[in-house]
Each structure stands twice: as C-alpha cells, then as structure tokens.
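Chains, contacts and geometry: an overview
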Amino acid sequence: MNMPLHDQTLESLVFDNRFVQELPADPQPDNYRRQVTDACYSKVLPTKVSGPQLVAYSPEVADLLNLSKETCESSLFTELFAGNRLLPAMDPFAMCYGGHQFGNWAGQLGDGRAINLGEVINSHKKRLVLQLKGAGPTPYSRQADGLAVLRSSIREFLCSEAMHHLGIPTTRALSVITTGELVLRDMFYDGHPKDEPGAVVCRVSPSFLRFGNYEILAARGETALLKKLVDYTIRTDFPHLGEPSATSYIEWFQEICRTTATMIIHWMRVGFVHGVMNTDNMSILGLTIDYGPYGWLEGYEASWTPNTTDAQGRRYCFSNQPHIGQWNLLQLANAIYPLVKKVEPFQEALAYYNALFLKGWNDMLAAKLGFKTFVAETDDTLIGELIDILQLVETDMTIFFRNLASIPADTEVRNENELPANLREAYYKPEEITEAYRHRMNSWLQSYISRLQHDNLPNELRQQKMNSVNPKYVLRNYLAQMAIDKAENGDFSLVHELLDLLRKPYDEQPKKDHFAVKRPEWARNHAGCSMLSCSS
C-alpha cells in the first residue's frame, strides 16, 4: 500500500485535465454572459482579489492531495486557492449544464460561480477535481457576479467535512479563504442588500458532473455530444462498467439510482435537509453537492425545509427528499433515453430505486433503534408510531435517538410514570407534554423494550451499535451561525473548533458536551439559524 507523500509541494501536483482534453470547449474565449451551445465547458480564469487570508483548511483533504501542514499554511496555497495564481499545469474552466429548478425546466444554468482549476491524480491514482466556488464570473453567471460571501463559504466548508465524517457521500472542501473585498448580497431576497466579506471555497471531488450536464444536451437535441459526454463519464468515473454501449448506459443509470438512494437514506438518518434538490444539484456519483440553504432537523418535523424560497410549496422538505430523488432520476432517464431508445429498462431502474430505498429506509431505522435486523411484522408499526409521536411535541431528533440508546432493555415502563430523564432532555417545550402524550410515549417505550428483549442483545453492545449510527454532534444551524458571526469579526477560532469537533461526531468527546445540546431559544427564528435563501 502506498503511503501519502506528505512532503509533496503544490508545484509537484500531477494534473491530468482529462475533461478539457477529451470534450469540446466553447470556441468563444471571452468571458461574458451568453448561451453556450455544442460545448461541455468554457475556458475561464478566476478573478484576482486584493487581500486573501486563509480562514481554515481540512487536513484530511490535504492528505488526499499529499499536501503537508507547512504547504497548506504557505502564501502560495492561499494565493492559489483564492484564485490569484495558477500552477502551470492548471487549465481552468466552467461547465455548461441545465436543470429543473423547483420542478420546472430552467434551461442553461452552468457553473455561474464555480471555476474548476484542473484534475489532480494523487499518489493512490485517484482523480480529484479542484474547484473554486466564488472566484468570479463565468459565461454562465447570468445576472450574478460569480462571487461568494464568507457566511455561505464557511457553511459549505464545515458541512462538506462534517458530512464526510458522518459517513455520508459528499464532495469535500480543502479550504476557505477570505478575499479582503466586500460583496453585496440580499440575504433574504427582501430588498435589504448589504455588503458582506467575500470568500472562496476550494471544493474537491472525483467529479462535479451533475444530472443537468446531460439534460442540457438532450434539451438542445445535441445527441452526438450527449453520447460523447456519457461515454466519457463511463470511461472515466465508471470504468468497471466496461466500454460504453446501450447495455452499459442502462447499468450506469442503475448505479446512479443505487448511489442516489444510498445518499438520501444517509441524509434521513442524521436529519439533514439539502434544501434545493434541483437536478443541477444532483451528482452523478451520488455525492451530496452544492451546500446552499441546507439545514439539520432540530425539532423532528417531516415537513421542515431550510429554504425560504421553498417555504410555500415545501417541495424539498425533509420527508419529500426520497420522492424528489426519484423525480430527478426520471429527468436524467429522459435525458439519456435517446441513447437507448427503450423505456422498459429505465422503468425497471426507477422501480429498483424505490425498492432499494424502502429496504434501506427500514434497515436504517432498525439500526437507529438498535435492532439486529428489520422485522416487518413488528417494526413497521413501531417505527410509524414513533415518527408520529416525535412530531406531537417539539423533540430534538439528534438528542432523542442518541439518548434512546442508554435505556436498558430491562427497564420497566408504566404509563402513569414520567418519561425517562434522558429522553426528557430532547424536548424543547416540556410544558407541552400532556398526560395523553406521556401515556402514548410510554406505551411506545413498552413495545420498544419488548422488541429489544426479543433480540436479546447485551445493553452495552446495543448502545455501541446505536451510537455508531446516531451521532452525538451535527453541524447545528446555530453553531454554524455562531462561527460565522465570529469569523466576520476576524476571529476564526470557532470554525477551527467545529471542524475538530465534527471529525468524530459519534464519539462522546465529554469536554465538548456543550455542542450537543438543543438549539437555544434565541436561535429559533434568528437569521441563519432557521431558514436561509439561496443567496450567497
């Protein structure tokens, strides 16, 4: 096994840049907003900034690139990943794609504020695309400026790494760097714009291709280019499927169905709500991508969405995510249908997604509850009843499931008794717990304990298993906002502290218990702590 070469310098990074070498470019070299046809990308340079300063970097992502601490703290690192300098082997570009936004075809979208620097091949022969978000305008920026602000950049940086350590498929984040410049943003689209500190995030992923890359070509009837892009994708990112063919196109789609289902099950497991599941925000690798107005369930509420734009329809709310995943896959199927021209294989793959999701959902909830396996005869009712109960009184999802693990299987529960003390910690408004609620919850606990006794797992082993899937620490919205507030005043300490905390979300970390408490009341409706817009 090759060990990472931690003394590799930035100048010695090995770039492959296969995407720009094998796929057609926009022939127009000038960087102005326009429709780009018969091309997969446009060449574009990042915009230089006046005063870049490193806020934080991820040592784990640096390891993927074999970069040392000294290298990541160098001035060259800051200059490169703020967009001020390029290495000779970098070949920057912005991708062309379209997408369905809130269920409607939006036409060309593209990398409006993302610029890919190039594709690195690391010491394990893995391909990693380096992408700057917030590095200036591209031909796909439409009416926007291509920039990003510090608040959204910190949220993306921290959440990318938090999700990875939770075991959730995701793009990664190498660094977040302030630009020394101000960016005008209307945070809530309410006519009150203000200047905010600008920043750039360096995102890292094996690929940033999304469903919309294929949709735009199909929508324009550019079938030959669509085939070329699909063939490239299979050869580059899915080589195990063999040479591109009608058969491998279907196998490719089936794999995307599988990885998408897996990703969304993980989201549901930890209470993550993406917030803007447009098809241009769906990765063909089944990775969580584009951290915009995301949020974490605090009180368990199936219809909760973190996105102010989605407040009316709640299309992208917590409980809708599995259905939207399938709807988005249907749009991808429609896009690549011209390469196969058979409906049945796509219908079968979408049915496969449904079956996979249902099994994964049941298995995931059985694991969260500490069962050996899912047993439909008992567990369907038990799970359904719990989900109903959790929404009757505002109950913190993360604390409830984490503390449920500490209830011994020989506990005696009587309906007239108070709720167990460790579960009471999960309630935001314990004064709303009525006698009828207490009776219903204790009745559920009796059934739950009987179910545990049927499995007969030792309490310690069951708790260990439950704690391995029920995190103690997640990137609660108010924690991210507290880090942002400090960072906007030049203090990056909480960004670093949260990055360290979220490396081990399933561990007890007793000195950090204050990060594992319910959302404070001041944060209930505080800007950045409840709902956010797509603004960055």
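Residues numbered from 1 in each chain as written. Predicted model: local features only at pLDDT ≥ 70, side-chain atom pairs only at ≥ 80, totals over all residues. Heavy atoms only, no water.

Our focus in this paragraph is helix α5 (residues 150-165). Here α5 contains 16 residues, and its C-alpha end-to-end distance of 23 Å stays within 8% of the 22 Å for a straight helix at 1.5 Å per residue. α5 sits mainly inside the fold: 15 of its 16 residues count as buried. At the C-terminal side of α5, Gly167 shows a positive phi close to 85°. (Helix = DSSP H or I, 4+ residues; strand = E, 2+ residues; numbered from the N terminus. Expected span 1.5 Å × (residues − 1). Buried < 20%, exposed > 50% of the residue type's maximum accessible area, 1.4 Å probe, protein only.)

The description of two helices packed together rests on the angle between their axes and the distance between the axes. The N-to-C vectors of helix α7 (residues 223-237) and helix α8 (residues 246-270) enclose an angle of 65°; their axes lie 11 Å apart at closest approach. It follows that α7 is roughly perpendicular to α8 by the angle criterion. Considering how the two elements wind past one another, α7 and α8 form a crossing that is left-handed. Across the interface between the two elements, Lys227, Val230, Asp231, Thr233 and Ile234 of α7 pack against Ser248, Tyr249 and Trp252 of α8. Residue composition of the contact of α7 with α8, by class: 4 nonpolar, 2 polar and 2 charged. (Axes fitted to C-alpha atoms, helices over the stretch in contact; angles between N-to-C directions. Parallel < 35°, antiparallel > 145°, perpendicular 65-115°, else oblique. Left-handed = near helix turned anticlockwise from the far one by under 90°. Contact = heavy atoms within 4.5 Å. Nonpolar A, V, L, I, M, F, W, Y, C, P; charged D, E, K, R; others polar.)

Now for helix α12 (residues 397-404). The element α12 is extensively covered by neighbouring structure, given that 8 of its 8 residues are classed as buried. Looking at α12, one finds that the buried residues are Met397, Thr398, Ile399, Phe400, Phe401, Arg402, Asn403 and Leu404. Looking at the buried residues of α12, the elements they touch are α8, α10 (344-368), α11 (376-390), α13 (421-424), α14 (435-455) and α15 (459-467). Between the side-chain oxygen at the start of α12 and the backbone nitrogen of Thr398 there is a gap of 3.2 Å, and the oxygen is on Asp396. (Polar contact = N/O pair within 3.5 Å; in protein donor to acceptor, adjacent residues only side chain to side chain.)

It is at 10 Å that the axes of α8 and helix α9 (residues 321-336) come closest, and there the two elements cross at 160°. Of the possible angle classes, the one that applies to α8 and α9 is roughly antiparallel. Crossing angle aside, the handedness with which α8 passes α9 is right-handed. On the side of α8, the interface is formed by Trp252, Phe253, Ile256, Cys257, Thr260, Ile264, Trp267 and Met268, while α9 contributes Gln321, Pro322, Gly325, Leu329, Leu332, Ala333 and Ile336. Of the residues contributing to the contact of α8 with α9, the split by class is 12 nonpolar, 3 polar and no charged.

On to the side chain of Arg155. Among the secondary structure elements, Arg155 is positioned in helix α5. Buried charge without a salt bridge: Arg155, with Glu156 as the nearest opposite-charge side chain at an N-O distance of 8.7 Å. Sequence-distant contacts of Arg155, defined by excluding residues within four places in its chain, comprise Gly292, Pro293, Tyr294, Leu475, Ala480, Ile484, Gly528 and Leu532. (Lys, Arg positive; Asp, Glu negative; His and termini not counted. Salt bridge = Lys/Arg side-chain N within 4 Å of Asp/Glu carboxyl O.)

For the rest of this paragraph, the subject is unusual backbone geometry. Residues other than glycine seldom take positive phi values, yet Asn17 does so here, at roughly 55°. For Asn17, the position within the fold is in the segment before α1 (18-22). When its relative accessible area of 7% is taken as the criterion, Asn17 is described as buried. The phi dihedral of Asn66 is positive, around 60°, even though this residue is not glycine. For Asn66, the location among the structural elements is in the loop between α2 (59-64) and α3 (69-72).

These figures capture arrangement, not role.
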